[in-house]
Amino acid sequence: MKTRHKKLILIGVAVIGLGVVATLVLNAFRSNLVFFFTPTQVAKGEAPLDRAFRIGGLVESGSLRREPDGVTAHFRVTDKAQTIPVTYKGLLPDLFKEGKGVVAQGRLNNNVFVADQVLAKHDENYMPPEAASALEQAQKTQKTLVLPQEGK
Amino acid sequence: MIPELGQFSLILALLLALVQSILPLAGAARNIPAWMSVARPAARAQFLFVAIAFGCLAYSFLTNDFSVLNVTQHSFSRLPPIYRFAATWGSHEGSLLLWTLILGLWTMAVTLFSRHLPDDMVARVIGVMGLVSFGLLLFMITTSNPFVRMLPAAMDGSDLNPMLQDPGMVAHPPILYMGYVGFSVAFAFAMAALISGKLDASWARWSRPWTTAAWAFLTLGIMMGSWWAYYELGWGGWWFWDPTENASLMPWLVGTALIHSLAVTEKRGSFKAWTVFLAIGAFSLSLLGTFLVRSGVLSSVHSFATDPARGLFILAFLAVVIGGSLLLFAFRASQVGLGGRFALVSRESFLMANNILLLTATGSVLLGTLYPLFLDALDLGKISVGPPYFNAVFVPLVTPLLFLIGVGPLARWKQAKVPELASRLKWGFAASLIVALLLPLTLGAWKPLVSLGYLLALWIVVTVAIGVQGRLRTTTAWSANFYGMNLAHLGVAVTVIGITMVSSYETERNVRMNEGDTVTLKNYTFIFKGAKDHDGPNYQASRGTLEVSRNGRHVTTLYPEKRTYLASGMPFTESAIDYGFTRDLYVALGEPLGGGAWSVRLFHKPFVVWIWIGAVLMAMGGVLAITDRRYRITSRKKERGAA
């Protein structure tokens, strides 16, 4: 009887422990997920205002401007349908170039995307997948929007 | 001619792998000694031919044979020879060949150091490893042939990715793979034990040194990867929770659980089924990690769609290995029977807690790594899971784990007495607590996480000392196993101190610097002396000069570079670091801002090298444990008993 009790207690503790751990892990997971939005989605107001998210697309040609401190950069990210102004304080990655793909993580502040991270990828020819998909989506929507929201 | 020779060797190796697996496995099942005895020579011949194939590919790279597609894509005539050699495994195809070569190396080692094992065990172990090798060779030959020619030949190559042109990258992949692939030995032993149905403590003793060796290599491999990321990426970070890093961390976590669980199985006969499960898990995650990193699926899950044959093969291979071994496990596990009983408080129960925590950590990394891939593959949207998630999960999981390092080794097997443990540990705990609370005050700001980190590190150091002292009181006899364990645990403490210090007290500045400008970080003054052109063998660079002084005394001169590689036109930041035992000074160039000014990134990183020193100590502890005479003596006794 005694050993059976012990066993039950052990199993109970294990189940409760696992439950607590699973809850904690899933909670941490949910609150730290970073979603991705295309410039078009941001322009439509689909992006959250109260948490960080990612945007991706091309750095618009001629849009890069540096403040005199040398480390604050302003540029625009476009999916060729919409553009979003971005500011970033810090050194830009090696492969950051106008006309090339980029992914930035940050928050929206007065319609300006304040990035705390601009992502570098490892290869000259390689487009960050998120940037590529933003362009793709924008192209698709532009095609399907031949008869756009007049009905609204 | 040479590439064709390599191709031919690969095909021969494939056939030999088939012989190496089918005959010994069938022979062991039907008890035909002649068939079983094929295992060793077939494995050695297979290794020979894989080595020839590897040699042929390396030769093509070293001689700039740009009629080979792989060479054209990953090498360049002006690349220094050592990097041309390293480029052999710089591609998906080449890294698979390296993987297979290392699998052959481990199999070779098994054929050499298995004389004390029963013949059917050896036949099954080598047979299982032959099956794995067969799968990889088939994959290589059908979908990822490294020897594909291109006609007409290219004039020159498109160069190796600049990030891989580094001494660290020459050594990192082979050592990491030694770790990954080394778990195949533990896996093969577990499979052999499952097939034979003889899941006693002896298979645990046989596979223990192999598993520890693989784990030590993996520890070293991850450490080198982390160090490489630190100095090569120019961001000053040492761990990014990047999927490629997570892919190597997962087998390490399960492997760590495995070496602890093997100890219980060997010494006490408990956890038998669990240990087998972990051996399957460690190897499966190694396979998963290799494919995740090497198949291109991380940069785009849709790379599978563009090359469906490759993706399908990988999925099928993983399904066969993982599914097949788990199925076998499910059939046999019920026959395993319970091992020695143990009480609620005992070394076994502490090691069980260790295993649960390590597996939970693995699960959380797996979730954070694979979930975004699944969502993307199913077109359900793109998400990313960054460092905040992993940090939020890891601190609460690792804290009890590190606490257990202190308690576990001091607890008795079977049943430990809480009062006895408490009386041995209370002063150590009190001392660690007091020092941990006060020490951060001398470092500047008091932060709770710093105290926690120091508490755990000091706790490990103190309990290791108590354990060693306790042993010396009863015996002065050398035990490589015991001291190896303690060395590895000390390594954990050293790494914890490094992580604590660098994540709480590092200083970073991103500034614009004109010639003659100074920046001061923690008493170190950096003077920018401008940047000059500097040509490398296959790149052009702007090389900055920064004089560093402390309290007016010269410390060092740093030369960070901004390179442009000729073949690819790829820009690249080469940071400059002054390493020190208690601090690193780290400088990287950003961009030229006109008029000789540059944006510059400067770091003061306290104790950062401790992270890697600790990892090296862990690996050394593992190596020390392998040399334990016990493994050899018990096996010799067995041999005598059998003879």
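Fair warning: this is a prediction, and the values are worked out from it, not measured in the lab.

Now for the overall build of chain B. Counting its secondary structure elements, chain B contains 20 helices and 11 strands. Relative to the 2.2 N^0.38 estimate, which gives 26 Å for 643 residues, the radius of gyration of chain B is 26 Å and therefore close to what a compact globule would have. Taken along its principal axes, the extent of the C-alpha atoms in chain B is 80 × 75 × 50 Å. For chain B, the residues scored as buried account for 51% of the 643 residues in total. When contacts within chain B are restricted to residue pairs at least 6 apart in sequence, long-range pairs at least 24 apart make up 74% of them.

This next bit is on the overall build of chain A. Along chain A, the regular secondary structure elements total three helices and seven strands. When the helices and strands of chain A are read in sequence order from the N terminus, they spell out α-β-α-β-β-β-β-β-β-α. Buried positions account for 33% of the 152 residues belonging to chain A. Taking the intrachain contacts of chain A between residues at least 6 apart in sequence as the baseline, contacts between residues at least 24 apart amount to 56%.

Another aspect to go through is helix α13 (residues 308–333) of chain B. Each α-helix turn comprises 3.6 residues. Residues three or four places apart therefore point the same way. Helix length check: α13 of chain B (26 residues) gives 36 Å between terminal C-alpha atoms against 38 Å at 1.5 Å per residue, within 8%. Within α13 of chain B, burial applies to Arg310, Gly311, Ile314, Val321 and Ser325 of chain B.

It is worth spelling out the domain arrangement of chain B at this point. Residues and elements named next belong to chain B. In terms of domains, chain B is made up of domain 1 (1–160), domain 2 (170–334 + 343–412) and domain 3 (507–608). Distance between the C-alpha centres of domain 1 and domain 3: 43 Å. At the interface, seven residues of domain 1 touch five residues of domain 3. The class makeup of the residues in the side of domain 1 that touches domain 3 is three nonpolar, two polar and two charged.

A few words on the interface of chain A and chain B. Each side of the interface is counted separately: chain A has 27 residues, and chain B has 33 residues. Listed by contribution, the elements that provide at least two residues to the side of chain A that touches chain B are α1 (2–32), β1 (33–37) and α3 (129–144) of chain A. If one sorts the elements of the side of chain A that touches chain B by residue count, α1 of chain A sits on top with eight residues. Looking at the side of chain A that touches chain B residue by residue, the classes come out as 14 nonpolar, five polar and eight charged.

Residues and elements named next belong to chain B. Spatial ordering of the open sheet is given by β2-β11-β10-β9, a layout of four strands whose pairing is antiparallel. Among the strands making up the open sheet, the edge pair consists of β2 (507–513) and β9 (576–578). Strand-to-strand, the axes of this sheet are offset by a mean angle of 20°, without reference to chain direction. Pairing of strand β10 (residues 583–594) with strand β11 (residues 597–606), which is carried by nine bridges, proceeds in the antiparallel orientation. Within β11, the residue paired with glycine 594 across the bridge is alanine 597.

Next up on the list: the nonpolar core. Generally speaking, soluble globular proteins have nonpolar side chains that are buried together. Ranked by internal contacts, the top residues of the largest apolar core, which has 169 residues, are Val125, Ala186, Phe189, Ala190, Ala279 and Ile460 of chain B. The element that contributes the greatest number of residues to this core is helix α8 (residues 167–196) of chain B, accounting for 17 residues. Split by domain, the residues of this core number at least three in each of domain 1 (1–160) and domain 2 (170–334 + 343–412) of chain B. Those residues within four positions of alanine 190 of chain B in sequence are excluded, and the remaining contacts are Val276, Ala279 and Ile280 of chain B. Grouped together as the second largest cluster of nonpolar side chains are 29 residues, Phe75, Val77, Leu108 and Phe113 of chain A included.

Here we take up unusual backbone geometry. A cis amide bond links leucine 151 of chain B to the next residue, proline 152 of chain B, at an omega of -5°. Even without being a glycine, asparagine 111 of chain A presents a positive backbone phi close to 65°. Among the secondary structure elements, asparagine 111 of chain A is positioned in the loop between β6 (101–109) and β7 (112–119). One non-glycine residue with positive phi stands out, namely asparagine 551 of chain B, at about 50°.

Looking now at the pairing of strand β4 (residues 72–78) of chain A. Residues and elements named next belong to chain A. The element β4 is extensively covered by neighbouring structure, given that five of its seven residues are classed as buried. Looking at chain direction, strand β3 (residues 65–66) and β4 are connected through two bridges and run antiparallel. Bridge pairing in β4 links arginine 66 to alanine 73. In this structure, β4 lies alongside strand β5 (residues 83–89), joined through seven bridges in antiparallel fashion. Paired with arginine 76 across the strands is proline 85, a residue of β5. Counting the residues that bridge the hairpin from β4 to β5 gives four residues, and of these lysine 80 lies at a positive phi of roughly 75°.

All names here are of chain B. Looking at chain direction, strand β4 (residues 524–535) and strand β5 (residues 539–550) are connected through 10 bridges and run antiparallel. Residue pairing for β5: phenylalanine 528 is matched across the bridge by leucine 546. Once β4 ends, the chain turns through three residues before running back antiparallel as β5. Note that β5 and strand β7 (residues 561–565) share five bridges and pair antiparallel. Each bridged residue has a counterpart across the sheet, and for arginine 543 the counterpart in β7 is glutamate 561. Here β5 runs beside strand β6 (residues 553–558); their pairing, made up of five bridges, is antiparallel.

Take the environment of threonine 78 of chain A next. Looking at the element boundaries, threonine 78 of chain A is found in strand β4. Separated by 14 residues in sequence, threonine 78 of chain A and leucine 92 of chain A have C-alpha atoms that sit 18 Å apart.

All names here are of chain B. Averaged over chain B, the pLDDT score is 89; the fraction of residues at 70 or greater is 96%. In this model, residues 634–643 is a region of pLDDT below 50 whose contacts with residues beyond four sequence positions or in other chains number five contacts. Among the scores for the predicted complex, ipTM is 0.81 and pTM is 0.92.

This part is about the environment of valine 86 of chain A. Residue and element names in this part refer to chain A. The residue valine 86 is located in strand β5 in this model. Valine 86 sits in the buried class, given 24 other C-beta atoms within 10 Å. With 11 residues separating them in the primary sequence, valine 86 and phenylalanine 75 have C-alpha atoms 5.4 Å apart. Those residues in contact with valine 86 that lie beyond four places of it in its chain are Phe75, Arg76, Val77, Ala104, Phe113 and Ala115.

With that settled, the discussion passes to the confidence of the model for chain A. Low pLDDT means the predicted coordinates in that region are not meant to be read closely. In the predicted model, chain A carries a mean pLDDT of 80, and the fraction of residues at 70 or more is 83%. For the stretch residues 144–152 of chain A, pLDDT sits under 50, and the model shows zero contacts to residues farther than four places along the chain or on other chains.

The axes of two packed helices give the description: the angle between them and the distance between them. All names here are of chain B. Viewed as axis vectors pointing N to C, helix α3 (residues 39–62) and helix α6 (residues 92–112) meet at an angle of 150°, and their least axial separation amounts to 9 Å. Regarding the angle of α3 to α6, the classification is roughly antiparallel. Of the two elements, α3 crosses α6, and the hand of that crossing is left-handed. Residue-level inspection shows Arg40, Ala43, Arg44, Gln46, Phe47, Val50, Ala51, Ala53, Phe54 and Leu57 of α3 in contact with α6, the latter providing Gly94, Leu97, Thr100, Leu101, Gly104, Leu105, Thr107, Met108 and Thr111. Of the residues belonging to the contact of α3 with α6, the class tally is 11 nonpolar, six polar and two charged.

All right, on to the environment of leucine 344 of chain B then. With respect to the helices and strands, the residue leucine 344 of chain B is situated in the loop between α13 and α14 (347–377). Sequence separation between leucine 344 of chain B and glutamine 415 of chain B is 71 residues; the distance between their C-alpha atoms is 7.5 Å. Dropping the residues within four chain positions of it, leucine 344 of chain B is found in contact with Lys6 and Leu10 of chain A together with Ser349 of chain B.

The rules behind these values
Within any chain, residue numbers begin from 1 and follow the written order of that chain's sequence. Think of it this way: whatever chain is written first is A, whatever ligand is written first is 1, and the rest follow in order. With the structure being a predicted model, the display of local features is reserved for residues of pLDDT at least 70 and the display and counting of side-chain atom pairs for 80 or more, all residues being used for whole-chain, interface and lining totals. Numbering goes from the N terminus for both helices and strands, where a helix is a DSSP run of H or I of at least four residues and a strand is a run of E of at least two. The quantity called the radius of gyration is restricted to C-alpha atoms. Its globule counterpart is 2.2 Å times the number of residues to the power 0.38. Around each residue's C-beta, the other C-beta atoms within 10 Å are counted; 20 or more make the residue buried, 12 or fewer make it exposed, and counts in between make it partly exposed. All C-beta atoms are placed from the backbone. Residue pairs are scored as contacts if the distance between their C-beta atoms, which are placed from the backbone, is within 7 Å. One fewer than the residue count of a helix, multiplied by 1.5 Å, yields its expected span. Per the annotation, domain bounds derive from an automatic or database assignment of domains. By the convention adopted, Pro, Cys, Tyr, Trp, Phe, Met, Ile, Leu, Val and Ala count as nonpolar, Lys, Arg, Asp and Glu as charged, and the other residues, Gly among them, as polar. Here, any two strands with at least 2 DSSP bridges between them count as paired. Lines are fitted to the C-alpha atoms to define the axes, a helix being fitted only along its stretch in contact, and any angle between axes, read from their N-to-C directions, falls within 0 to 180 degrees. As used throughout, a nonpolar core is a set of buried Ala, Val, Leu, Ile, Met, Phe, Trp, Tyr and Cys residues joined through C-beta atoms within 7 Å of each other. pLDDT runs from 0 to 100 and stands for how confident the predictor is about each residue. Any angle between 65 and 115 degrees counts as roughly perpendicular, while under 35 counts as roughly parallel, over 145 as roughly antiparallel, and the rest as oblique. Here a crossing is taken to be left-handed if its near helix is turned anticlockwise relative to the far helix by less than a right angle, and right-handed if that turn runs clockwise.

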